[in-house]
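Remarks on the overall topology
What follows is the residue order along each chain.
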Amino acid sequence: MAVGLDDVKRIHLIGVGGCSMSGIAQILQKQGHVVTGSDRERSQFTDRLEELGIPVSIPQKGEQVEGAELVIYSAAIKPNNPERAYARAHGIPEMERSVALGQISARYPHVAAISGCHGKTTITSMLAYINEEAKLDATVHVGGFVDLLGGGVKVGDGDLFITEACEYVRSFLTLVPTVALVNNIDNDHLDCYKDQQEIIETFAQFCALVPPEGEIIVCRDDEKVQRLLPLLDREPLTYGLSEGDWHAADVQFDTWGCASFDLVHNGNILGRITLHVPGTHNVINAIGACAVASVFGAGFDSMAKALDRFRNTKRRFEFMGERSGVRVFHDYGHHPNEIAATLEAASRVPHKALYCVFQCNSYTRARTLFCENVTCFRHADKVLVPDIYPGREVDTGLVHARDMVKGINASTGNALYIPTFEEIRAWLDEHAKPGDLVITVGSGNVYAQTRKLL
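Residues numbered from 1 in each chain as written. Predicted model: local features only at pLDDT ≥ 70, side-chain atom pairs only at ≥ 80, totals over all residues. Heavy atoms only, no water.

**Let's talk about unusual backbone geometry**
Rules: Helix numbering and strand numbering both begin at the N terminus, where a helix is a DSSP run of H or I of at least 4 residues and a strand a DSSP run of E of at least 2. Each residue is placed in one exposure class: buried if its accessible area under a 1.4 Å probe, protein chains only, is under 20% of its type's maximum, exposed if it is over 50%, and partly exposed if it falls in between.
Cis geometry marks the peptide bond from I58 to P59; its omega dihedral reads 0°. Structurally, the position occupied by P59 is in the loop between β3 (56-57) and β4 (70-73). Of note, V169 is a non-glycine position whose phi angle comes to about 45°, a positive value. Position of V169 among the secondary structure elements: in the loop between β9 (160-164) and β10 (179-182). Overall, the relative accessible area of 45% leaves V169 in the partly exposed class. A positive phi angle, close to 50°, is found at N266, a residue other than glycine.

Written out as structure tokens, the structure is:
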């Protein structure tokens, strides 16, 4: 018989320095468990855990698991990890992170699960701000660093749990949602899905987890979400840029590409929303957050005040610094649609030339998404492409960064292969001028590499 969270007191988390895992550790501590953790190196997340009285061991050693009744590990932790090996050798049950998150969600009467191939971190972060402004006292679990939270979690005392719902390896099917939001669906993660139709069908399974008295909320602007609708067992609530139960009217952008708009619900204008994050996609994200918050009783004034305070989470159009008059930003976007939205937002920021540095973090993603019909870089004057970051994969020689450059150039003719970030910095030093803008995009180690450009 499998051991669950309700069966144990002392829990050890391997990889506790990750944003999601550190949040889970804090929630479990609040719920009465004795929590310990480990990771390979210290971070702002491990420092925060120790401030809260959760011991974190660095580096990872098998004996640190001794005494635990359950081990929770993140997907990045392989079976040969010394602590997982110790747990198996000593009969200590193991549980993958998404399963633990699902069992945590089952402890709350009300659960808002925010899904979508893009935008779920931003929407969940916006909901963290609305939660505070509306005094909902929810527990919020975000997959990114939110300044308001000092990390990725807010542990509340209420009966509402708001969490990201990730489609990778079908993790979101472990959740117990009463409200499910689907922001968009895309042909991402083709290393674990056979095709786009299977992804859509998996989102349908996720929506089917919502009980009859719950709510399904979908973005009607997304073409693949439209293909999801016939698979649902009910009529969902809808939102979008200009159509839906919730939508925007009179959208205006300031000189930095940040929008203000009238929020419309069922044909009634509720009031004016002002954002301080750029891009059309963030208008849609904000409307989705408002639709979810309304289900739990948040009023328009709370939404407007919260969104006025909201700033991007780390790695979402984050300003990294300036070098020789050239401003450098970074965004986590790693799918063509995310990159297109990021560069559309960047194009609205005052600049002379716009340079994009794109590091692909997967050979599968490079081969399936960036070698043919690549149109997402059209807003950039030049796209600099370094070697592919392997991520979870091994280089089999089937695809190279040069193949992506060829695919980009077939559409927009603006890409250049430069193998390393040191060489990219030298190229920018020679070509970029004061007033230009550089944005690095990707989900590999490009965030750390970006500092080399500064």
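**Some words on the pattern of salt bridges**
Put simply, the test is: When a carboxyl oxygen of Asp or Glu is within 4 Å of a side-chain nitrogen of Lys or Arg, the pair counts as a salt bridge.
Applying the stated rule across the entire model yields 17 salt bridges. Put simply, D6 and R107 hold a salt bridge, and the shortest N to O gap is 2.7 Å. Of the two residues, D6 is situated in the segment before β1 (10-14) and R107 in the loop between α4 (97-105) and β6 (110-115); the sequence distance between them amounts to 101 residues. A residue is classified by how much of its surface remains accessible, and D6, at 64% relative accessible area, is exposed. According to the relative accessible area criterion, R107 is partly exposed, its value standing at 28%.

**With respect to α4**
The cut-off we apply is this: Contact criterion: two residues are considered in contact whenever any of their non-hydrogen atoms come within 4.5 Å of each other.
Summarising burial for α4: seven of the nine residues are buried, a large majority. Those residues of α4 not exposed but buried are R97, S98, A100, L101, G102, I104 and S105. Elements in contact with the buried residues of α4: α1 (19-30), β4, β5 (94-96), β6, β7 (139-146) and β9.

**Observations concerning the sheet that holds strand β2 (residues 34-38)**
Spelled out, the test is: Two strands pair if DSSP finds at least two bridges between them. Angles run from 0 to 180 degrees between N-to-C directions of axes, and those axes are lines fitted to C-alpha atoms, restricted for helices to the stretch in contact.
One open sheet accounts for five strands, arranged β3-β2-β1-β4-β5; its pairing is parallel. Each of the sheet's edge strands pairs with one partner strand only, and the pair in question is β3 and β5. Pairing of β1 with β4 involves four bridges; the strand directions are parallel. Within β4, the position partnered with L13 by the bridge is I72. Each of β4 and β5 touches α4; the most contacted strand, β5, lies at about 85° to it.

**Considering the packing of aromatic side chains**
Keep this limit in mind: The rule is short: rings of Phe, Tyr and Trp, with Trp giving its six-membered ring, pair when the centres are within 6.5 Å, and they are stacked under 30 degrees, edge-to-face over 60, tilted in between. Only Lys NZ and Arg CZ are tested; either one counts as a charge over a ring when it is within 6 Å of the ring centre and within 35 degrees of the ring normal.
Under the criterion given, the structure shown has eight aromatic pairs. An angle of 90° between the planes, with centres 5.1 Å apart, marks the rings of F172 and F203 as edge-to-face. Note that F172 is positioned in the loop between β9 and β10 and F203 in helix α6 (residues 196-208), a separation of 31 residues in sequence. For the pair shown, F172 and F203 are each scored as buried. Residue placement shows R84 over the ring face of Y73; its charged tip is 3.6 Å from the ring centre. Above the ring of Y447, the side-chain terminus of R451 is found at 5.6 Å from the ring centroid.

**Section: the environment of S57**
Inspection of the secondary structure puts S57 in strand β3. Along the chain, S57 and T46 lie eleven residues apart, while their C-alpha atoms are 9.3 Å from each other. Setting aside residues up to four positions removed in sequence, S57 forms contacts with G37, S38, D39 and Q64.

**Some points on the packing of α1 against helix α2 (residues 44-51)**
Here is the rule: Roughly parallel covers angles under 35 degrees, roughly antiparallel covers those over 145, roughly perpendicular covers 65 to 115, and oblique covers all other angles. Gly counts as polar in this scheme, as do all residues outside two lists: the nonpolar Ala, Val, Leu, Ile, Met, Phe, Trp, Tyr, Cys and Pro, and the charged Asp, Glu, Lys and Arg.
For the pair α1 and α2, the least separation of the axes is 10 Å and the interaxial angle reads 10°. Judged on the interaxial angle alone, α2 and α1 are roughly parallel. Contacts between α1 and α2 involve C19, S22, A25 and Q26 on the former and, on the latter, F45, R48 and L49. Considering only residue class, the contact of α1 with α2 consists of four nonpolar, two polar and one charged.

**Describing the pairing of strand β19 (residues 382-385)**
Working note: regular strand, side chains alternate between the two faces of the sheet. Our working definition: Orienting the strands away from the viewer, one traces the path from the first strand over the helix to the second; a clockwise path indicates a right-handed crossover.
Relative to β19, strand β18 (residues 354-358) is paired through three bridges, and the arrangement is parallel. In the strand pairing of β19, C356 is matched with V383. Between β18 and its parallel partner β19, the chain crosses via helix α11 (residues 363-369), and the hand of that crossover is right-handed. Across three bridges, β19 lies against strand β20 (residues 415-417) in parallel orientation.

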